[in-house]
Amino acid sequence: MKLKKITSVCLSAVMAGALLAGCGSGSTASSAASSADSSASSASASASVTAASASAAKASGKYTIGICQLVQHPALDAATKGFEDELKSELGEDNVTFDEQNAAGDAATATQICTNLVSENVDLILANATAALQSAAAATSTIPILGTSITDYGVALDIDDFNGTVGGNISGTSDLPPLDQQADMVTELFPDAKNVGILYCSAEPNSKYQADQVKGYLEDAGLTVNVYTFSDSNDVASVTGEACNNSDVLYIPTDNTAASCTEAINNVALPAKVPIIAGEEGIMAGCGVATLSIDYYGLGQTTGKMAAQILKGEADISEMPIQYYDNPVKEYNPDICEKLGITVPDGYTAYKADSSDSE
């Protein structure tokens, strides 16, 4: 992991500094040693304070939970709500306080939020979406971190040969649906399609992971696949236009930037009469015709159960494997399907606008 590389570099720098100091005055070397001892003592003290705080929280049964959500959109909102509702149920509403903050889609803001949560010595951090998880992981190695709405933890945290358990102070839940089945929806709904465009934000590594997987499945089915990426919300419309000009169908994976720009995407794709298969319900609701999606509220509840086990001392986060949602649902958007003249086969459930809030 990157953390090990960073630690190695830092240790090398300290050793090099000590060697240089040895070539100079004795007082300089003594000062460097004293400084190193002071830093080590400070780090040890910080870890002790964190451990003491966690112990005190467990003894009192009162907990403060920090939440860093990358951006506001229905899927992530539902995951956060499910998490909070489950923790209130597990611990008692009067025993848990949430410091919920939203980074408005900006990774730098997510980093600042997580840094602040660590300085406040919260008992646990919920990192909702990949950039939030990366920021939390960089901010602390001692406070428990649970991710949610993360597609692949190995990709998000740069872990080679990821085996399903992160280890250390990190675990969580994944929103990865069966990507092969999502790819099958393209050929099931649009058997005459020849060219498929995959559209996502280049700044989101988990979107690339999904895109690469689905591209392989579609090409195995004999389709021509082209990938179109936008860097941020400013070029969503223009890139969507290019994709529509060259595609019979578009596929958009679970992508936070796309989810916050569905109106802009729909304003281009719908007039062009290019249907969109979406990676999750929120994107489908805004601009898609169908999805094989998970229940994000349910995903949040699962994450909340994990948090309760950690806080009550019933589970060791370093040994908790990533959990997945087992029952994805085929949904279609009646409004967009009607406008495009698409007849949906049996086995699909009609999306209802208030379905995310029905829990």
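Here's a quick rundown of the structure. Just so you know, these numbers come straight off a predicted model, no measurement behind them.

The next subject is the packing of aromatic side chains. Throughout the structure, instances matching the rule amount to one aromatic pair. Measuring from centroid to centroid gives 6.4 Å for Phe 83 and Phe 98, while their planes differ by 65°, and the two rings are edge-to-face. On the criterion of sequence distance, the pair formed by Phe 83 in helix H3 (residues 74–91) and Phe 98 in strand E2 (residues 96–102) is long-range, its members being 15 residues apart. Phe 83 sits in the buried class, given a relative accessible area of 0%.

The mixed open sheet is built from seven strands, whose spatial order is E7-E6-E8-E9-E10-E12-E13. This sheet does not close on itself; its edge strands, each paired only once, are strand E7 (224–230) and strand E13 (349–350). In this structure, strand E9 (residues 276–278) lies alongside strand E10 (residues 290–293), joined through two bridges in parallel fashion. Residue Ile 277 lies in a different strand from E10, and its bridge partner there is Ala 290. Packed onto the sheet, helix H7 (residues 179–189) meets strand E6 (195–201), strand E8 (249–252), E9, E10 and strand E12 (329–332) and runs at close to 160° relative to E10. Against the sheet, helix H8 (residues 205–220) engages E6, E7 and E8, with an angle of about 170° to E6.

What follows concerns helix H4 (residues 107–119). The first and last C-alpha atoms of H4 sit 19 Å apart over 13 residues, in line with the 18 Å expected at 1.5 Å per residue. Along H4, the residues classified as buried are Ala 110, Ile 113, Cys 114 and Leu 117. The buried side chains of H4 occupy one side of the element, clustering within an arc of 95° when seen end-on. Projecting away from the buried face of H4 at angles above 90 degrees are the exposed residues Ala 108 and Ser 119. Summarising the contacts, the buried residues of H4 are in contact with strand E1 (63–69), E2, strand E3 (124–128) and helix H5 (130–139). Positive backbone phi, at 60°, marks Asn 121, one or two positions downstream of H4.

Our focus in this paragraph is the pattern of salt bridges. One pass over the structure, following the stated rule, counts eight salt bridges. Measuring nitrogen to oxygen at the nearest pair gives 3.1 Å for the salt bridge that ties Glu 86 to Lys 305. Taken as a pair, Glu 86 in helix H3 and Lys 305 in helix H13 (residues 296–311) lie far apart in primary sequence, 219 residues in all. The buried category is assigned to Glu 86, whose relative accessible area is 8%. Among the ionic pairs, Lys 339 bridges to Asp 335, the shortest N-O distance being 3.4 Å. Here Asp 335 and Lys 339 lie together in helix H14 (residues 334–340), a separation of four residues that amounts to about one turn. Taking relative accessible area as the criterion, Asp 335 reaches 41% and is therefore assigned partly exposed. Each of Glu 90, Lys 312 and Glu 314 takes part in salt bridges that share partners, so that together they form one network.

Basis of the calculations
- Residues numbered from 1 in each chain as written.
- Predicted model: local features only at pLDDT ≥ 70, side-chain atom pairs only at ≥ 80, totals over all residues.
- Heavy atoms only, no water.
- Phe/Tyr/Trp six-rings, centres within 6.5 Å; stacked < 30°, edge-to-face > 60°.
- Helix = DSSP H or I, 4+ residues; strand = E, 2+ residues; numbered from the N terminus.
- Buried < 20%, exposed > 50% of the residue type's maximum accessible area, 1.4 Å probe, protein only.
- Pairing = 2+ DSSP bridges.
- Contact = heavy atoms within 4.5 Å.
- Axes fitted to C-alpha atoms, helices over the stretch in contact; angles between N-to-C directions.
- Expected span 1.5 Å × (residues − 1).
- Arc of directions from axis to C-beta.
- Salt bridge = Lys/Arg side-chain N within 4 Å of Asp/Glu carboxyl O.

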